[in-house]
Each structure stands twice: as C-alpha cells, then as structure tokens.
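Residue-level structural notes
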Amino acid sequence: MFQGASAINLDAKGRMSIPAKHRDALALQCEGRLTLTRHPHGCLLFFPRSVWETHREQIAAWPMSARAWQRIFLGNACDVEIDSAGRVLISPELRAAVGLEKEVMMLGMGSHFEIWDAARLAADEASAIAGGMPDGLSNFSF
C-alpha cells in the first residue's frame, strides 16, 4: 500500500525522482516497471505495471459507449522504467496534458500514485475543503 505525499521537482528533461521510501517497494513489486496515464481530474496515474495490467484489461472490456473514456486512460498510457538514478521520464505529451511544470506532488493512493502539478493540487484541495464533506462521508470519523 502506497501512501503519503512527496514534493518533487522535475528536471529539465521531465524526469521525476522516485522518493526512496517508494523506490525499494517498486523495485520489489514490479522490478521498476511502471505505467503512467492521464486522469480526467487533471493528474497522472502512476501504476506498478502488474496493477496497471489488471486495470487495462478491465478498461479494454468497456462497452463502445465508453470509448472516449478508453481513449483517456488507454490512449494516454505510457510504460516507463526507473533508471539507475531512481528517476522516471514523464513524456512531454503527458506533462502538457495535465500541466506539469517543475513542482509536482506524488501522492500514494494505496495501489498506485497520483502525480499532480503542486499548485493545481493545492487549489483542488482548497476547493474540496471549501465545498465541505460529501454526504456519502457524513458518518466518517477518526
């Protein structure tokens, strides 16, 4: 289970360093083989390849009425590998699609990660907080 937030700076070539706390787990789980794809909420989804392959099969089986959603998830999927310096290259197309510039946030979401432009994530979280808890979470408490 991946969790936690990591602030990361992309280098000039669009490479992102994987935080050490996740790098070893990813090396064990998927031998550094990962998949990036676009999410319509404005972030990238970052999966260990084996987790992605399960999702890919499910998405490919969606009906024709969901073809546009298949394009978003499958059409933007890009296989990547962790290099010897612990980085992955995020393609220019994916960076442009979600507005990644330099400062990004990598959020552990259990089985995968989300990668956000840091300013966009802060604005999205502020909007969510201002909107209050959704009704479906009314019974949630720590």
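Residues numbered from 1 in each chain as written. Predicted model: local features only at pLDDT ≥ 70, side-chain atom pairs only at ≥ 80, totals over all residues. Heavy atoms only, no water.

1. Some points on the pattern of salt bridges
Applying the stated rule across the entire model yields 3 salt bridges. When the shortest N-O distance is used, the salt bridge between Arg 15 and Asp 11 registers 2.6 Å. The partly exposed category is assigned to Arg 15, whose relative accessible area is 21%. A relative accessible area of 26% places Asp 11 in the partly exposed class. The salt bridge partner of Arg 87 is Asp 83, with a shortest N-O separation of 3.0 Å. (Salt bridge = Lys/Arg side-chain N within 4 Å of Asp/Glu carboxyl O. Buried < 20%, exposed > 50% of the residue type's maximum accessible area, 1.4 Å probe, protein only.)

2. So, the sheet that holds strand 7 (residues 103-110)
Pairing in this open sheet of 6 strands is antiparallel, and the strands run 1-7-8-4-3-5 from one edge to the other. Edge positions in the sheet fall to strand 1 (2-9) and strand 5 (78-81), since each has one partner strand and no second. For this sheet, the mean inter-axis angle between neighbouring strands, taken without regard to orientation, is 25°. Sheet topology places strand 4 (residues 43-48) next to strand 8 (residues 113-117); 3 bridges connect them, and they run antiparallel. Looking at the pairing, Leu 44 lines up with Ile 115 of strand 8. Strands strand 3 (33-39), strand 4 and strand 5 of the sheet are contacted by helix 2 (residues 49-60), whose axis makes an angle of about 110° with strand 4. The sheet contacts of helix 5 (residues 118-131) involve strand 7 and strand 8, and relative to strand 8 the element is tilted by about 100°. (Pairing = 2+ DSSP bridges. Helix = DSSP H or I, 4+ residues; strand = E, 2+ residues; numbered from the N terminus. Axes fitted to C-alpha atoms, helices over the stretch in contact; angles between N-to-C directions. Contact = heavy atoms within 4.5 Å.)

3. Digging into the side chain of Thr 37
With respect to the helices and strands, the residue Thr 37 is situated in strand 3. Separated by 2.5 Å, the side chain of Thr 37 and the backbone oxygen of Phe 73 make a polar contact. For Thr 37, the side chain forms a polar contact with the main-chain nitrogen of Ala 77, separated by 3.4 Å. Excluding residues that lie within four positions of it along the chain, Thr 37 makes contacts with Cys 43, Leu 44, Leu 45, Phe 47, Trp 52, Ile 72, Phe 73, Asn 76, Ala 77 and Leu 94. (Polar contact = N/O pair within 3.5 Å; in protein donor to acceptor, adjacent residues only side chain to side chain.)

4. Side note on the nonpolar core
Met 16, Phe 46 and Ile 115 are the most contacted members of the largest nonpolar core, which has 22 residues in total. Contributions of two or more residues to this core are made by strand 1, helix 1 (20-30), strand 3, strand 4, helix 4 (92-98), strand 7 and strand 8. Excluding residues within four positions of it along the chain, Met 16 makes contact with Ile 8, Leu 10, Phe 46, Gly 86, Arg 87, Val 88, Ile 90, Val 104, Met 106 and Ile 115. Counting residues in hydrophobic clusters, the runner-up holds 12 residues, among them Trp 52, Phe 73, Leu 107 and Trp 116. (Core = buried A, V, L, I, M, F, W, Y, C linked by side-chain atoms within 4.5 Å.)

5. Focus: helix 5
Its 14 residues give helix 5 an end-to-end C-alpha distance of 20 Å, which sits within 8% of 20 Å, the value for a rise of 1.5 Å per residue. Backbone geometry just downstream of helix 5 places Gly 132 in the positive-phi region, at approximately 80°. (Expected span 1.5 Å × (residues − 1).)

6. What to know about the UniProt feature "domain: SpoVT-AbrB" (unreviewed entry) in the protein chain
This chain's UniProt record puts "domain: SpoVT-AbrB" (unreviewed entry) on residues 5-51 and 77-120. Counted over residues 5-51, helix gives 30% and strand 45%. Its end C-alpha atoms are 20 Å apart. In this annotation, residues 77-120 is assigned 23% helix and 45% strand; the end-to-end C-alpha distance for the span is 21 Å. (UniProt positions renumbered as here; feature names shortened; annotations may be inferred.)

7. Considerations on the pairing of strand 8
Of all 5 residues in strand 8, 5 are buried; the element is thus mostly enclosed. A two-sided burial pattern is seen for strand 8, the buried positions comprising Phe 113, Ile 115 and Asp 117 on one face and Glu 114 and Trp 116 on the other. Pairing of strand 7 with strand 8 involves 5 bridges; the strand directions are antiparallel. Residue pairing in the sheet places Val 104 in a bridge with Asp 117 of strand 8.

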